[in-house]
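What follows is the residue order along each chain.
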Amino acid sequence: MHADPPLIGIAHLQAESVTERVGKRLGAALRLGDTVFLEGELGAGKSTLARAILGALGWRGAVRSPSYSLVHSYTTPVGVVHHLDLYRVASMDEALGLDLDELSRGDSISLVEWPDRLGGALPATWRVSLKVLDKGRELELRGPPRTEIESILAHLNQENDS
Ligand SMILES: Nc1ncnc2c1ncn2[C@@H]1O[C@H](COP(=O)(O)OP(=O)(O)OP(=O)(O)O)[C@@H](O)[C@H]1O
Ligand SMILES: [Mg+2]
């Protein structure tokens, strides 16, 4: 199994707009070669994050759920971004039918909803876990200690103080 990325922080996201702002910050911290696991139950906000990340990477078009095709690939100004939604993946064989080499190439970024379906076949650079609360969501962020992360943490704390 791959090692878990280090814990960066936990934050309460009071509303969808806060999820979007965090996604934007996270998008700005990503580098080519990164794989972002987006975890959480149905409706937790994974696609909201993916959309905000793609926006931060310069994608100006629509972002549709790739639940039937499993993966949609976007050519952004930064590079190719793959968005996967593996909810409907029924077996490990089907998951391994995905071109994981292509997905983990150093010149692209992968955003993966329901990464548990991969059974650890792909290592995560980042792990974002969302929990549904009575009001809003709880976010746990794991990833590499990059300087851009400082601004994400500052942003989250600022949201919590407001
Ligand atoms: N922090 C938040 N507080 C309240 N609602 C939120 C928050 N973030 C996102 N939402 C809402 O949660 C709903 C589901 O979001 P989204 O589609 O992104 O979830 P998902 O995890 O991708 O779901 P699925 O597992 O079905 O793909 C949306 O209506 C979105 O507006
Ligand atoms: Mg989704």
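**Section: the overall build of the protein**
No. 1: Regarding its fold elements, the protein presents five helices and seven strands.
No. 2: Start at the N end of the protein and walk to the C end: the helices and strands fall as β-α-β-α-β-β-α-α-β-β-β-α.
No. 3: Whereas a compact globule of 162 residues would reach a radius of gyration of roughly 15 Å, the protein reaches 15 Å, a difference of no more than 12%.
No. 4: For the protein, the spread of C-alpha atoms along the three principal axes comes to 45 × 35 × 35 Å.
No. 5: Classification of the 162 residues of the protein by burial places 37% in the buried group.

**Topic: the environment of threonine 75**
No. 1: Looking at the secondary structure, you find threonine 75 in strand S3 (residues 71-75).
No. 2: Spatially, the C-alpha atoms of threonine 75 and tryptophan 59 are 7.7 Å apart, while their sequence positions differ by 16 residues.

**Considering the sheet that holds strand S5 (residues 108-113)**
Hydrogen bonds along the backbone pair up the strands of a sheet, which may run parallel or antiparallel.
No. 1: Sheet architecture is open: seven strands sit in the order S1-S7-S6-S2-S5-S4-S3, paired in mixed fashion. The two strands at the open ends of the sheet, each matched to only one other strand, are strand S1 (7-13) and S3. Across the sheet, the mean angle separating the axes of adjacent strands is 15° when strand polarity is ignored.
No. 2: When S3 meets strand S4 (residues 80-85), the two strands line up antiparallel, connected through five bridges. Within the sheet, the bridge partner assigned to valine 71 lies in S4 and is leucine 84.
No. 3: Of the strands in this sheet, strand S2 (35-40), S3, S4, S5 and strand S6 (126-132) are in contact with helix H2 (residues 46-56), which crosses S5 at around 165°.

**Some points on the site of ligand 1**
No. 1: Around ligand 1 lies a shell of 17 residues, among which Thr19, Gly45, Lys46, Ser47 and Thr48 are the nearest.
No. 2: Only helix H1 (16-29) and H2 provide two or more residues apiece to the shell around ligand 1.
No. 3: Grouping the constituent residues of the shell around ligand 1 by class yields six nonpolar, seven polar and four charged.

**Side note on the pairing of S6**
No. 1: Where S2 lies against S6, five bridges are found, and the strand directions are parallel. Looking at S6, one finds that glutamate 39 is bridged to serine 129.

**Digging into H1**
No. 1: Taking 1.5 Å per residue, 14 residues should reach 20 Å; H1 reaches 20 Å between its end C-alpha atoms and fits that length.
No. 2: Along H1, the residues that are buried comprise Val18, Thr19, Val22, Gly23, Arg25, Leu26, Gly27 and Ala29.

**Quick look at the nonpolar core**
No. 1: Judged by nonpolar contacts, the single largest core of 36 residues is most densely connected at Leu38, Ile53, Leu111 and Val128.
No. 2: Element by element, the count of residues in this core is highest for H2, at five residues.

**Considering unusual backbone geometry**
No. 1: Phi angles above zero are rare outside glycine, and leucine 70 is one such case at about 75°.
No. 2: Located in the positive-phi region is tryptophan 114, a residue other than glycine, with phi close to 60°.

**Some thoughts on H2**
No. 1: Counting buried positions along H2 gives eight out of 11 residues, so the element sits mostly inside the fold.
No. 2: Listed as buried for H2 are Lys46, Thr48, Leu49, Ala50, Arg51, Ala52, Ile53 and Leu54.
No. 3: Residues of H2 that are buried make contact with H1, S2, S3, S4, S5 and S6.
No. 4: In the segment just after H2, glycine 58 is the residue with positive phi, at about 100°.

**Side note on the environment of glycine 58**
No. 1: The residue glycine 58 is located in the loop between H2 and S3 in this model.
No. 2: Considering only alpha carbons, one finds glycine 58 and glycine 43, 15 residues apart in sequence, at a separation of 25 Å.
No. 3: Excluding its chain neighbours within four sequence positions, the residues that come into contact with glycine 58 are Thr76, Pro77 and Val78.

Reading the values: the criteria
All chains use their own residue numbering, which begins from 1 and follows the written sequence. Each chain takes a letter, starting from A, and each ligand takes a number, starting from 1, following the order in which they are written. It should be noted that, the model being predicted, local features are given only for residues of pLDDT at least 70 and side-chain atom pairs only at 80 or more, the latter also being counted only at that level, while totals for whole chains, interfaces and linings use all residues. Only runs of H or I of at least four residues qualify as helices and only runs of E of at least two qualify as strands under DSSP, and these elements are numbered from the N terminus. As defined in this context, the radius of gyration uses C-alpha atoms, and a globule is described by 2.2 Å times the residue total to the power 0.38. Partly exposed residues are those whose C-beta has more than 12 but fewer than 20 other C-beta atoms within 10 Å; 20 or more makes a residue buried and 12 or fewer makes it exposed, with C-beta atoms placed from the backbone. Being paired, for any two strands, means DSSP has found at least two bridges between them. All axes here are fitted lines through C-alpha atoms, helices being fitted over the stretch that makes contact, and every angle between N-to-C directions spans 0 to 180 degrees. Two residues qualify as a contact pair if the distance between their C-beta atoms, derived from the backbone, is within 7 Å. All residues are tested the same way: a C-beta atom is placed from the backbone, and lying within 6 Å of a molecule or strand makes the residue near it. Three residue categories are used. Nonpolar comprises Ala, Val, Leu, Ile, Met, Phe, Trp, Tyr, Cys and Pro, charged comprises Asp, Glu, Lys and Arg, and polar comprises the others, including Gly. Helix span is expected to be 1.5 Å times the residue number reduced by one. What makes a nonpolar core is a set of buried Ala, Val, Leu, Ile, Met, Phe, Trp, Tyr and Cys residues, with links drawn between C-beta atoms within 7 Å.

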